[in-house]
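Okay, here's what each chain looks like letter by letter:
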Amino acid sequence: MKSVVGMVVSNKMQKSVVVAVDRLFHNKLYNRYVKRTSKFMAHDEQNQCNIGDRVRLDPSRPLSKRKNWVVAEILKKARIYGAPSAAAPTGSGTKTAVADSSSS
């Protein structure tokens, strides 16, 4: 087997992730490309993967009943939403400046 690239869809387990791998193939009858998705469980030793990360999986010996892949590398980290910080400017300062200029 060769390496595959996919997106992490679940990391709720310890040292394991579920990766969705998409593949395209050509349907000769309809002359269209069809997308199929396969989900693989993979071993993540350091628990570094988050949902949405793009990872490369390498095949390995069976590690459990459903786990035959190992996360080789994280190709792209997911953009995780963070709450806006207190240092970010708010819109209230501009409103008071407009109100002050109109009252003069």
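Residues numbered from 1 in each chain as written. Predicted model: local features only at pLDDT ≥ 70, side-chain atom pairs only at ≥ 80, totals over all residues. Heavy atoms only, no water.

Participant: Any details on the nonpolar core? Residues and values, ideally.
Facilitator: Judged by nonpolar contacts, V4, V8, V17, V19, V21, A42, C49, V55, L57, W69 and V71 together constitute the single largest core of 11 residues. Counting only elements with at least two residues in this core, the list comes to β1 (4-13), β2 (16-27), β4 (54-59) and β5 (67-76). Every residue in contact with A42, bar those within four places of it in the chain, is listed here: K15, S16, V17, L57, K67, W69 and V71. (Core = buried A, V, L, I, M, F, W, Y, C linked by side-chain atoms within 4.5 Å. Buried < 20%, exposed > 50% of the residue type's maximum accessible area, 1.4 Å probe, protein only. Helix = DSSP H or I, 4+ residues; strand = E, 2+ residues; numbered from the N terminus. Contact = heavy atoms within 4.5 Å.)

Participant: Can you break down the pattern of salt bridges residue by residue, with the values?
Facilitator: Evaluated as defined, the whole model comprises 4 salt bridges. Here E45 ties to K15 by a salt bridge, and the two come within 3.1 Å at their closest N and O atoms. Of the two residues, E45 sits in the loop between β3 (32-43) and β4 while K15 sits in the loop between β1 and β2, which places them 30 residues apart along the sequence. Put simply, K77 and D53 hold a salt bridge, and the shortest N to O gap is 3.5 Å. In this pair, K77 is assigned in the loop between β5 and α1 (92-103) and D53 in the loop between β3 and β4, connecting sequence segments 24 residues apart. With a relative accessible area of 45%, K77 lands in the partly exposed category. Classification of D53 as buried rests on a relative accessible area of 1%. A cluster of three or more residues bridged by salt bridges with shared partners is formed by R56, D58 and E73. (Salt bridge = Lys/Arg side-chain N within 4 Å of Asp/Glu carboxyl O.)

Participant: Outline the sheet that holds β5, supporting the account with residue identities and numerical values.
Facilitator: In space, the 5 strands of this closed barrel follow the order β1-β2-β3-β5-β4, with mixed pairing throughout. Put simply, the sheet's adjacent strands are angled 50 degrees from each other on average, direction ignored. Pairing of β1 with β2, which is carried by 4 bridges, proceeds in the antiparallel orientation. Its bridge partner being in β2, V8 is matched across the sheet by V19. (Pairing = 2+ DSSP bridges. Axes fitted to C-alpha atoms, helices over the stretch in contact; angles between N-to-C directions.)

Participant: Break down unusual backbone geometry for me, with residues and values.
Facilitator: Positive phi outside glycine occurs at N31, with the angle close to 55 degrees. On the secondary structure map, N31 appears in the loop between β2 and β3. Backbone geometry places N47, a non-glycine residue, at a positive phi of 55 degrees. Examined against the element boundaries, N47 turns out to sit in the loop between β3 and β4. Classification of N47 by relative accessible area gives partly exposed; the value is 45%.

Participant: Account for the packing of aromatic side chains, naming residues and giving values.
Facilitator: The geometry of an aromatic ring pair is captured by two quantities: the separation of the ring centres and the angle between the planes. Across all of its chains, the model carries 1 aromatic pair by this definition. Aromatic pair F40 and W69: ring centres 5.1 Å apart, planes at 40 degrees, arrangement tilted. Residue F40 is located in strand β3, and its partner W69 is located in strand β5; the two are separated by 29 residues in the primary sequence. We classify W69 as buried; its relative accessible area is 7%. (Phe/Tyr/Trp six-rings, centres within 6.5 Å; stacked < 30°, edge-to-face > 60°.)

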